[in-house]
Amino acid sequence: MNSAAGAPERLRLLPWTTPDGKPCYLSTDSDGSRLSLLADDIEAAQLDSGEQVLAGAKAVLADPKAGERAVRFALTRATESLADVLRVAVSRGERILGDER
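None of these values were measured; they are calculated from a predicted model.

This next bit is on the overall build of the protein chain. When its secondary structure is counted, the protein chain shows two helices and two strands. When each of the 101 residues of the protein chain is scored for burial, the buried share is 22%. Sequence-distant contacts in the protein chain: of pairs separated by 6 or more residues, those separated by 24 or more amount to 46%.

Before going further, it helps to examine the pairing of strand E1 (residues 10-17). Inspection of the sheet shows E1 paired to strand E2 (residues 23-28) by five bridges, in the antiparallel sense. Note on E2: the bridge partner recorded for Leu11 is Ser27. Counted between consecutive antiparallel strands, the loop separating E1 from E2 contains five residues, among which Gly21 sits at a positive phi close to 90°.

Our focus in this paragraph is the pattern of salt bridges. In the structure shown here, the tally under the stated rule is eight salt bridges. Of the charged contacts in the structure, one is a salt bridge between Lys22 and Asp20, with a shortest N-O distance of 3.9 Å. By relative accessible area, which is 51% here, Lys22 ends up exposed. Each of the salt bridges in this network shares a partner with another, and the network as a whole consists of Arg12, Asp40, Glu43, Arg92 and Arg95.

Residue placement: Gly56 occurs in helix H1 (residues 34-62). Classification of Gly56 by relative accessible area gives partly exposed; the value is 32%. Linking Gly56 and Ala74, residues 18 residues apart in sequence, is a C-alpha distance of 7.1 Å.

Calculation rules
- Residues numbered from 1 in each chain as written.
- Predicted model: local features only at pLDDT ≥ 70, side-chain atom pairs only at ≥ 80, totals over all residues.
- Heavy atoms only, no water.
- Helix = DSSP H or I, 4+ residues; strand = E, 2+ residues; numbered from the N terminus.
- Buried < 20%, exposed > 50% of the residue type's maximum accessible area, 1.4 Å probe, protein only.
- Contact = heavy atoms within 4.5 Å.
- Pairing = 2+ DSSP bridges.
- Salt bridge = Lys/Arg side-chain N within 4 Å of Asp/Glu carboxyl O.

Okay, here's the thing in structure tokens:
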């Protein structure tokens, strides 16, 4: 499918999912659209959050007195952050490959 200007539209994987966990995509030919910029901001926030979660998980793992509850909480947050970071990496990788075509 082509845009009105003749440039091919790209599908961008967005940094959020549907309520049932399915990926969301944006069809755009502009990285400067309002929704693209919102997605950029959310990706940056997810990466920042991932850094904070990593630091917290390391602290829990370094504490020999940390109980099962603390370890489970840290692991739960870490898996959530990992899913976000992987989605950001896939989205950015697809955009890099799309630019090289």
